Amino acid sequence: MNFLCNYNYCNNLSKLKKYLKKRNFGTESAYYSCIGFFIRQNELKKTMRRNKILILTLAILVQTFLVSSAWAIPVLQLNIPGATYVSDFNGDGLLDGPFDEGVSTNSSNFTLQALYKHALDSQIGNKEFYLSCALLSVDGQPLINGTAPLVNISINGTPINSWEYGKPELLGPHGVFDTYYYQLPFRFVPADYSAGGIFNVADLTGSADGYIHNFSLDVSGLGHNYAMVFDLYTYETGNNGQQNIDFAPFSHNASHNPTPEPASLTLLGLGLLGIWGFGKKKNKNF
Ligand SMILES: [Ca+2]
Ligand SMILES: [Ca+2]
């Protein structure tokens, strides 16, 4: 009787009953074999529907996760407007250096921004934050303890030339330290508030409320011999008085890498002169 139990009839039991009655196929065996087929078909359909729902739910979950990760803005970040976000500075495919993952510039004069994702807060000025400026060699190595380098930078026009050796107190382990560094305490002010102005510096996505504090930096004093990595952090006092650190993730800090050394620029210059001389000589021959 399976010829009766095709999809058209077996997906509708009452239709099937009517069909069997009309054609006098009302024998029990025919009816039950069709009902069996009907149940199997229906179960298959149910399973398919369940799988569909499962796949849809998974797809929605994956999408939600992807969207929320793109919109996940760290509480603290450093940004240099106009600079580029570098994900792998030396291009070796590994996250292995202080300049990997972060906003980086080779300009000597730039604005460094401290971003703090936070709701509008009338008590904003009561909390102290810190910006650390760590001196490194141009290839990203911490400096060796000895005589402090005779370099100065300026922050908001104030010259900084006193370097401490080690790691900022309470700041967790960080590949950049121990080295010479300067720690600048600062506070956000009400005028730093920006409704919806906080974004993820890594991919420029997102929009959250928070505070942006600008520092004007002149690091021309580093010349071509030093690089600098900037970190942003604050301390929270927990319920039982312990100090917890909140810091910009290392993937959201900033760095300065100097332009190529004069030696290579001189070589480039000599090369250009050579080409120019060659061109002149060639012209004379005409
Ligand atoms: Ca790397
Ligand atoms: Ca970094």
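Residues numbered from 1 in each chain as written. Chains lettered and ligands numbered in written order. Predicted model: local features only at pLDDT ≥ 70, side-chain atom pairs only at ≥ 80, totals over all residues.

Undergrad: An account of the environment of N79 is needed here, citing residue identities and associated values.
TA: Here N79 is to be found in strand β1 (residues 76–79). A tally of 26 C-beta atoms within 10 Å means that N79 is categorised as buried. As for N79 and Q113, which are separated by 34 residues in sequence, their C-alpha atoms are 5.0 Å apart. Contacts of N79, omitting those with residues within four sequence positions, involve V103, Q113, L115, V201 and A254. (Helix = DSSP H or I, 4+ residues; strand = E, 2+ residues; numbered from the N terminus. Buried ≥ 20, exposed ≤ 12 C-beta atoms within 10 Å, placed from the backbone. Contact = placed C-beta atoms within 7 Å.)

Undergrad: Could you give me a rundown of unusual backbone geometry, with the residues and numbers involved?
TA: Note: most residues except glycine have negative phi, and most peptide bonds are trans. Following F177, the chain continues to D178 via a peptide bond in cis, the omega torsion being 0°. Tracing the sequence through the fold places D178 in the loop between β8 (164–166) and β9 (179–186). Here the phi dihedral of E101 falls at roughly 60°; this positive angle occurs in a residue that is not glycine. For E101, a count of 20 C-beta atoms within 10 Å puts it in the buried group. Even without being a glycine, N156 presents a positive backbone phi close to 50°. Mapped onto the secondary structure, N156 falls in the loop between β6 (153–155) and β7 (158–160).

Undergrad: Go over the confidence of the model for the protein with me, naming the residues and quoting the values.
TA: In the predicted model, the protein carries a mean pLDDT of 83, and 74% of its residues have values of at least 70. Per-residue pLDDT stays below 50 along residues 1–5; that stretch engages in 12 contacts with residues further than four places along the chain or on separate chains. (pLDDT = per-residue confidence, 0-100.)

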